[in-house]
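Listed below are the residues making up each chain.
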Amino acid sequence: MFSDKEDFKQSFSEKLETTLGKKVDSATETDAYRALGSLLTDEINKNWLKTNKHYQESKEKQVYYFSMEFLIGRLMGNNLLNMQLLNTVRNGLDELGFSLTELEEKESDAGLGNGGLGRLAACFLDSLASLGYAGHGYGIRYKYGMFDQRIIDGYQVELPDRWLSKEYVWEVRRPEEALEVRFGGEVEMVEEKSGALTCKHTNYEQVRAVPYDVPVVGFDNETVNTLRLWSAEASEDDTLKKASKQSDFDNFLEHKRSLEEISEFLYPDDSHEEGKRLRLKQEYFLVSSGVQNALDNFEKLNLPLTTFPDHAALHINDTHPALLIPELMRILMDERGLGWEEAWDITQASVSYTNHTTLSEALETWPVGMVRSLLPRIFMIIDEINERFCQTLWERYPGDFDRIASLAIIADGHVKMAHLSIVGSHSVNGVAKLHTDILKKREMKIFYDTFPERFNNKTNGITHRRWLMHANEPLSALITESIGDQWVRQPDRLQDLLKYKEDTSFLNRLNDIKQEKKEELTAFIKDYSNITIDPSSIFDVQIKRLHGYKRQLLNALHIMHLYNNLKANPNFNMTPRTFIFGAKAAPSYHFAKKVIKLIHTIASVVNNDPAVRNRMKVVFLENYSVSMAERIIPATNISEQISTASKEASGTGNMKFMMNGAITLGTMDGANVEIHDLVGDDHIYTFGLSSDEVLEYYKNGFYSSRKVYDEDDRVRHTLDQLIHYSPFSKGETEFQDIYDNLITYNDEFFVLKDFASYIDTQAKISEDYLDTRLWNEKSLVNIARSGKFSSDRTIQEYASEIWKIEPSGILK
Ligand code: 26W
């Protein structure tokens with residue numbers, strides 16, 4: 001590794017020459033970015049080799065985290081941070097006439113995920129490597145990630161995300177490790193002479209799964225784990241050969257395309273299951289290649305198969321990779337010759353499952369016919385798992401038809417993936433205390449009553465390296481200067497900051513940093529959206545996927561309400577605010593798209609009205625992404641976490657904001673409840689129905705949004721503006737659907753019910769913000785208490801309680 005700045009400059013210049021044939025003075029920023037990437041991967045590869053060799057020789061247990069999504073964002077800054085090279089490289093580049101920040105912008109933002117679940121997987125990989133655990137990711141190398149969002153006339157338009165059109169410097173294609181995955185065909189059980197049954201699978205279609213490895217660099221240690229992303233390619237199988245021999249070129253191309261389509265794009269739906277055949281193909285493609293690969297790794301150790309669970313943990317991120325269970329059974333039985341019981345014990349002991357949502361529309365079920373025709377052998381195995389499971393239930397609860405029917409894996413012509421996941425694994429966890437309680441008491445009660453020992457909670461976390469050390473360098477520096485650097489390895493030590501609660505000069509510096517970040521964001525917004533905002537106003541931010549339950553609509557209606565107040569009374573007392581949104585809507589989610597249009601309409605009314613524009617501004621940032629979040633979060637004062645209580649399993653944005661000193665305005669939902677427990681009433685703003693109240697309303701049906709509308713003038717006035725002539729509706733019917741959702745269809749997410757308490761809480765915030773000292777103190781308490789939400793803590797819990805692994809000997 002280069003020892004100092006001069007050494008770096010030398011190596012960098014050589015790299016430019018040897019790999020790109022360029023001199024420093026003629027190199028473009030993209031050239032410089034590529035040379036830097038190549039220089040770093042040279043270094044990374046040394047530890048990567050070392051790590052792999054160590055894992056192989058020590059025979060340590062390996063964790064394989066299966067996920068359809070890894071929302072990694074950019075890696076350059078993060079890798080430099082973890083390699084402890086940020087300053088050397090930044091200064092060296094400066095002297096050569098390049099800016100590191102500019103080079104970082106050249107990297108495409110790897111958007112291989114929708115939102116929370118995908119970003120969590122990326123944070124987990126960072127923590128696994130940084131804590132020196134042997135943990136790897138298996139995912140899909142989608143050619144197109146999360147769509148590019150464009151806003152045209154206030155409407156969302158989706159464009160393909162061509163993230164691979166630039167060379168991706170971090171991946172290594174490994175064609176020599178490609179595997180085959182089979183679809184379709186017929187299966188037949190054939191009796192051998194010995195009397196044993198073997199499975200004969202014919203007429204299948206074969207796809208080649210080619211791995212692309214991305215190194216996962218640990219923080220200041222020698223661990224480099226692997227994120228292995230599979231890409232689908234046509235294999236040289238019979239069909240292909242036949243088609244090309246017949247010089248039936250069209251056929252050949254069509255066949256090739258149909259196979260490669262498997263890793264073509266990421267499904268852009270979160271929280272809504274569509275039941276598409278191609279999606280099922282993607283899921284099996286991931287699982288089959290990953291399981292084959294994990295077993296191959298294990299077999300290199302030359303140990304008896306029954307010890308597989310001592311050497312491998314297979315984790316499924318939500319139910320999307322649940323076919324891993326029958327796939328592992330298939331390989332163990334059909335290809336390794338084990339009997340059912342043996343194979344089942346191995347499977348159950350290796351697999352664990354995380355649930356990320358209780359929304360019923362997000363629960364995966366697949367039509368039996370689709371599973372049977374696409375994956376005939378897998379279906380047979382699922383069917384058998386179901387039969388045997390129902391049989392044991394029958395023995396345990398004789399005559400209890402209702403229980404057995406509601407636990408079955410196959411019912412109503414569908415395979416229920418959550419049931420398969422619970423039955424086939426030894427651990428089921430929720431992602432925040434409240435969420436796990438809801439799973440145990442309601443959503444999965446009957447499973448919990450049957451297998452209480454399987455259920456546990458693992459409250460989510462975020463990597464403090466990316467979200468604090470990298471995203472907010474000045475704040476990290478202030479923290480280290482004040483309490484030393486132990487918090488970097490033990491984020492809980494952030495609590496030591498509490499001793500500065502009364503320290504005026506510390507609080508002022510905290511304030512200065514927030515201000516600096518707000519000014520940077522102000523400049524970015526001017527540049528990106530051409531909107532001028534006031535950096536001294538309250539930055540009130542809601543950035544997350546657009547969904548009914550996340551209630552961006554509540555935020556939007558509040559802005560309309562404030563605008564009305566300001567118009568009606570120019571002396572209306574209000575601290576200036578900037579409302580910032582970032583959100584993508586699923587392409588087929590009509591309501592969510594209407595809310596985007598509404599926010600844009602509000603923005604154009606508010607931002608163009610001279611009477612209010614010095615008091616409030618509304619900004620919708622197009623194409624919200626991980627790298628954009630890194631700019632916005634450090635600059636935020638108010639973190640909007642306003643989901644309908646019981647609906648947001650955890651939330652992880654809430655944690656990122658807290659760690660950067662924003663104050664949460666939230667419902668008692670997901671991990672907000674745990675934030676509240678940590679900071680206490682004085683350092684968070686909570687409002688609205690509790691989850692028990694919400695669930696009770698769903699049960700008894702007593703909620704009437706019409707009644708709220710009739711009784712509350714503020715609600716009525718604001719809602720009427722959606723459909724009657726107003727600056728927002730301009731007499732058109734654009735927002736009729738939103739109105740109908742709230743009134744005609746009785747407001748599924750209790751927006752109107754919570755409106756009054758939301759307005760009141762926002763008014764209190766406006767007032768409190770004026771007391772700068774008090775505000776900074778709140779901010780400090782949030783930062784100081786945020787250590788619990790480092791994903792290092794979360795990963796340590798998974799490691800010791802679910803995966804049963806210890807940090808590997810590779811730690812420096
Ligand atoms: C099959 C369609 C589909 C796709 C994705 C259904 C459901 C999902 C995910 C489960 C949605 C998701 O990202 N859930 C979020 O997971 C985060 C990490 O645990 C939580 O913090 C969020 O509260 C939860 O909504």
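If you're wondering where the values come from, they're calculated on a predicted model, not measured in any experiment.

Draft legend 1. Spotlight on the overall build of the protein chain. Counting secondary structure elements, the protein chain contains 34 helices and 25 strands. Scaling as 2.2 N^0.38, a compact globule of 812 residues should have a C-alpha radius of gyration of about 28 Å, and the protein chain matches this with 27 Å. Expressed as lengths along the three principal axes of its C-alpha atoms, the size of the protein chain is roughly 95 × 75 × 60 Å. A buried classification covers 61% of the 812 residues belonging to the protein chain. Accessible surface for the protein chain amounts to roughly 31100 Å². Of this, 48% is attributable to carbon and sulfur atoms.

Draft legend 2. Inspection of the sheet that holds strand β21 (residues 577-582) at higher detail. Taken in spatial order, the six strands of this open sheet run β22-β21-β20-β23-β24-β25, and their pairing is parallel. Sheet topology places β22 (616-620) and β25 (685-686) at the edges, where each strand pairs with a single neighbour. Here strand β20 (residues 538-543) runs beside strand β23 (residues 638-641); their pairing, made up of two bridges, is parallel. Pairing of Val-541 across the sheet is with Ser-639, part of β23. Strands in contact with helix α22 (residues 504-529) are β20, β21 and β22; relative to β20, the strand with the most contacts, it is inclined by about 65°. Lying on the sheet, helix α23 (residues 552-568) is in contact with β20, β21, β22 and β23; it crosses β21 at an angle near 155°.

Draft legend 3. Quick peek at the packing of helix α12 (residues 340-350) against helix α14 (residues 376-396). Between α12 and α14, the least distance of the axes is 13 Å, while the angle of their chain directions is 90°. In terms of orientation, α12 lies roughly perpendicular with respect to α14. Here Trp-340, Glu-341 and Trp-344 of α12 lie close against α14, whose contacting residues are Ile-381, Glu-384, Ile-385 and Arg-388. Of the residues in the contact of α12 with α14, the class split is four nonpolar, no polar and three charged.

Draft legend 4. Representation of a nonpolar patch on the surface within the structure. Nonpolar side chains collect at one region of the surface, where Met-189, Leu-197 and Met-380 lie side by side and expose about 250 Å² of accessible area between them. Take Leu-197: it is sitting in strand β10 (residues 197-202). Residue classification places Leu-197 among the exposed residues on the basis of a relative accessible area of 54%.

Draft legend 5. Spatial organisation of empty space enclosed by the protein. Under the defined criterion, the tally for this structure stands at two cavities of 30 Å³ or more. Its volume calculated, the largest cavity comes out at about 160 Å³. If you go around the largest cavity, you meet 16 residues; those closest to its centre are Ile-72, Leu-75, Asn-78, Ala-122 and Val-216. Those elements that provide at least two residues to the lining of the largest cavity are α3 (76-82), α6 (116-130) and β11 (205-217). Residue composition of the lining of the largest cavity, by class: nine nonpolar, four polar and three charged. By volume, the second largest cavity amounts to about 50 Å³. Along the lines of polarity and charge, the residues of the lining of the second largest cavity split into one nonpolar, seven polar and three charged.

Draft legend 6. Just the site of the ligand, in detail. Close to the ligand lie 22 residues, the nearest being His-356, Asn-460, Glu-648, Ser-650 and Gly-651. In the environment of the ligand, an oxygen atom lies 2.6 Å from a nitrogen or oxygen atom belonging to the side chain of Glu-648. When isolated, the ligand has an accessible area of 570 Å², and the protein chains bury 96% of it. When residues of the shell around the ligand are assigned to their parent elements, the largest contribution, three residues, is made by α6. Residues that form the shell around the ligand fall into these classes: six nonpolar, 10 polar and six charged.

Draft legend 7. Layout of the sheet that holds strand β17 (residues 414-416). Read across the open sheet, the three strands follow the order β15-β17-β16; overall the sheet is antiparallel. Where the open sheet ends on each side, the last strands, each with one partner, are β15 (365-367) and β16 (410-411). Relative to β17, β16 runs antiparallel, the two being bridged by two bridges. When the bridges of β17 are listed, Ile-410 appears paired with Val-415.

Draft legend 8. Quick look at the confidence of the model for the protein chain. On average, residues of the protein chain score 96 in pLDDT, and 98% of them reach the 70 mark or higher. Within the protein chain, helix α7 (residues 238-245) has the poorest average pLDDT of any element, 64, and strand β1 (residues 62-66) the best, 99.

Draft legend 9. Main features of the pattern of salt bridges. Across all of its chains, the model carries 59 salt bridges by this definition. For the salt bridge of Glu-384 with Arg-388, the shortest nitrogen-to-oxygen distance reads 2.7 Å. Residue Glu-384 and its partner Arg-388 are both found in helix α14; the two are separated by four residues, about one turn of the helix. Through salt bridges with shared partners, a single ionic network connects Glu-299, Glu-327, Arg-330, Glu-335 and Arg-336.

Draft legend 10. Looking closely at the nonpolar core. With 193 residues, the main nonpolar core has Phe-12, Leu-36, Leu-40, Trp-170, Phe-285, Leu-497 and Trp-803 as its most contacted residues. Sequence-distant contacts of Phe-285, defined by excluding residues within four places in its chain, comprise Ile-140, Val-181, Phe-183, Val-207, Arg-208, Ala-209, Trp-230, Ser-231, Ala-232 and Ile-262. Formed by 61 residues, the second largest nonpolar core is a distinct cluster that contains Leu-557, Phe-581, Leu-598 and Ile-599.

Parameters at a glance
Residues numbered from 1 in each chain as written. Predicted model: local features only at pLDDT ≥ 70, side-chain atom pairs only at ≥ 80, totals over all residues. Heavy atoms only, no water. Helix = DSSP H or I, 4+ residues; strand = E, 2+ residues; numbered from the N terminus. Rg over C-alpha atoms; globule rule 2.2 N^0.38 Å. Buried < 20%, exposed > 50% of the residue type's maximum accessible area, 1.4 Å probe, protein only. Areas by Shrake-Rupley, 256 points an atom, 1.4 Å probe, with all protein chains shown as cover. Pairing = 2+ DSSP bridges. Contact = heavy atoms within 4.5 Å. Axes fitted to C-alpha atoms, helices over the stretch in contact; angles between N-to-C directions. Parallel < 35°, antiparallel > 145°, perpendicular 65-115°, else oblique. Nonpolar A, V, L, I, M, F, W, Y, C, P; charged D, E, K, R; others polar. Patch = residues over 30% accessible without salt bridge, like charges linked within 9 Å, V, L, I, M, F, W, Y side chains within 5 Å. Salt bridge = Lys/Arg side-chain N within 4 Å of Asp/Glu carboxyl O. 1 Å grid on protein atoms, 1.4 Å probe; cavity = no way out; pocket = protein on both sides within 12 Å on 5 of 7 lines; lining within 4 Å. Points joined across faces, edges and corners; volume = space filled by probe spheres on them. Near = heavy atom within 4 Å. Polar contact = N/O pair within 3.5 Å; in protein donor to acceptor, adjacent residues only side chain to side chain. pLDDT = per-residue confidence, 0-100. Core = buried A, V, L, I, M, F, W, Y, C linked by side-chain atoms within 4.5 Å.

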